[in-house]
Amino acid sequence: MSFAVTIYHNPRCGTSRNTLAAIREAGHEPQVVDYLANPPTRAALQQMIRDAGLNVRDTVRSKEARFAELELGRPEVDDDALLDAMVANPILINRPFVVTPKGVRLCRPVERVQEIL
């Protein structure tokens, strides 16, 4: 049985490509959102993070060069500042987020997608 699946995808990321393949192997043709070209709104990103049961810091790519350039690792940088930075610089959003009627997961590792398919 197929249902609506959305993946916030970066085609250059192996984990994202493998998650997309796992979704298709499970019989779903997802809506693929290239989040670098079409980033989620701040509200949508915040909702995905909340629905995935994560905190904002868990979902920011701290190894990304832009993270260091913006000095986002400082302890005084709060969730609001991180969200603003992620929306302004979508490369900072960890990937891939997958949204289905069964829930939202940040699919790292890839196998996490099975929880919501």
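Residues numbered from 1 in each chain as written. Predicted model: local features only at pLDDT ≥ 70, side-chain atom pairs only at ≥ 80, totals over all residues. Heavy atoms only, no water.

A.B. asks: Would you mind showing me how to read the overall build of the chain here?
C.D. replies: Each helix and strand counted, the chain has four helices and four strands in total. The linear arrangement of helices and strands in the chain, starting from the amino end, is β-α-β-α-α-α-β-β. Out of the 117 residues belonging to the chain, those deemed buried represent 45%. Expressed as a percentage of contacts within the chain between residues at least 6 apart in sequence, the contacts between residues at least 24 apart total 63%. (Helix = DSSP H or I, 4+ residues; strand = E, 2+ residues; numbered from the N terminus. Buried < 20%, exposed > 50% of the residue type's maximum accessible area, 1.4 Å probe, protein only. Contact = heavy atoms within 4.5 Å.)

A.B. asks: For this particular structure, what's the right way to read the sheet that holds strand β3 (residues 97–100)?
C.D. replies: Backbone hydrogen bonds are what pair the strands of a sheet, in a parallel or an antiparallel way. If you trace the four strands from one edge of the open sheet to the other, you get β2-β1-β3-β4, paired in mixed fashion. Strands at the two margins of the open sheet, each flanked by one partner only, are β2 (31–34) and β4 (103–106). Mean inter-strand twist for the sheet, computed between neighbouring axes without regard to direction, equals 15°. Judged from the three bridges that link them, strand β1 (residues 6–9) and β3 form a sheet pairing that is antiparallel. Each bridged residue has a counterpart across the sheet, and for I7 the counterpart in β3 is V98. (Pairing = 2+ DSSP bridges. Axes fitted to C-alpha atoms, helices over the stretch in contact; angles between N-to-C directions.)

A.B. asks: Honestly, the nonpolar core in this entry has me stumped. Any pointers?
C.D. replies: Note on soluble globular proteins: their nonpolar side chains tend to be buried together. By size, the foremost hydrophobic cluster in this structure holds 21 residues, and its most contacted members are L45, I49, L72, M86, L92 and F97. Elements with a contribution of two residues or more to this core: α2 (42–51), α4 (79–88) and β4. Here this core takes four residues from α4, the largest share from any one element. Look past the residues within four positions of F97 in its chain and what remains in contact with it is T6, I7, Y8, M48, I49, A52, T59, V104, R105 and L106. Within the second largest apolar cluster, 12 residues are counted, among which are A22, V98, V113 and I116. (Core = buried A, V, L, I, M, F, W, Y, C linked by side-chain atoms within 4.5 Å.)

A.B. asks: Would you take a moment to explain the pattern of salt bridges for this structure?
C.D. replies: Should the charged atoms of two oppositely charged side chains come close, the side chains can pair. Counted under the stated rule, the structure contains nine salt bridges. Between R24 and E29 there is a salt bridge, with the nearest N and O atoms lying 3.0 Å from each other. According to the relative accessible area criterion, E29 is exposed, its value standing at 55%. With a closest N to O distance of 3.5 Å, R61 and E64 form a salt bridge. Each of R42, D80 and D84 takes part in a single network of salt bridges with overlapping partners. (Salt bridge = Lys/Arg side-chain N within 4 Å of Asp/Glu carboxyl O.)

A.B. asks: Mind showing me how you'd approach the state of the cysteines here?
C.D. replies: By definition, a disulfide is the covalent link that joins the sulfur atoms of two cysteine residues. By the definition in use, this model includes zero disulfides. No disulfide involves C13; its sulfur sits 11 Å from that of C107, the nearest cysteine. The class for C13 is buried, based on a relative accessible area of 5%. (Disulfide = S-S within 2.5 Å.)

A.B. asks: What am I meant to see in the environment of R108 here?
C.D. replies: Within the secondary structure, R108 is located in the segment after β4. A residue is classified by how much of its surface remains accessible, and R108, at 33% relative accessible area, is partly exposed. For the pair formed by R108 and P96, sequence separation is 12 residues and the distance between their alpha carbons is 7.5 Å. In terms of polar contacts, R108 uses its side chain to reach the side chain of N94, at 2.9 Å. Of the polar contacts made by the side chain of R108, one reaches the backbone oxygen of R95; its length is 2.8 Å. (Polar contact = N/O pair within 3.5 Å; in protein donor to acceptor, adjacent residues only side chain to side chain.)

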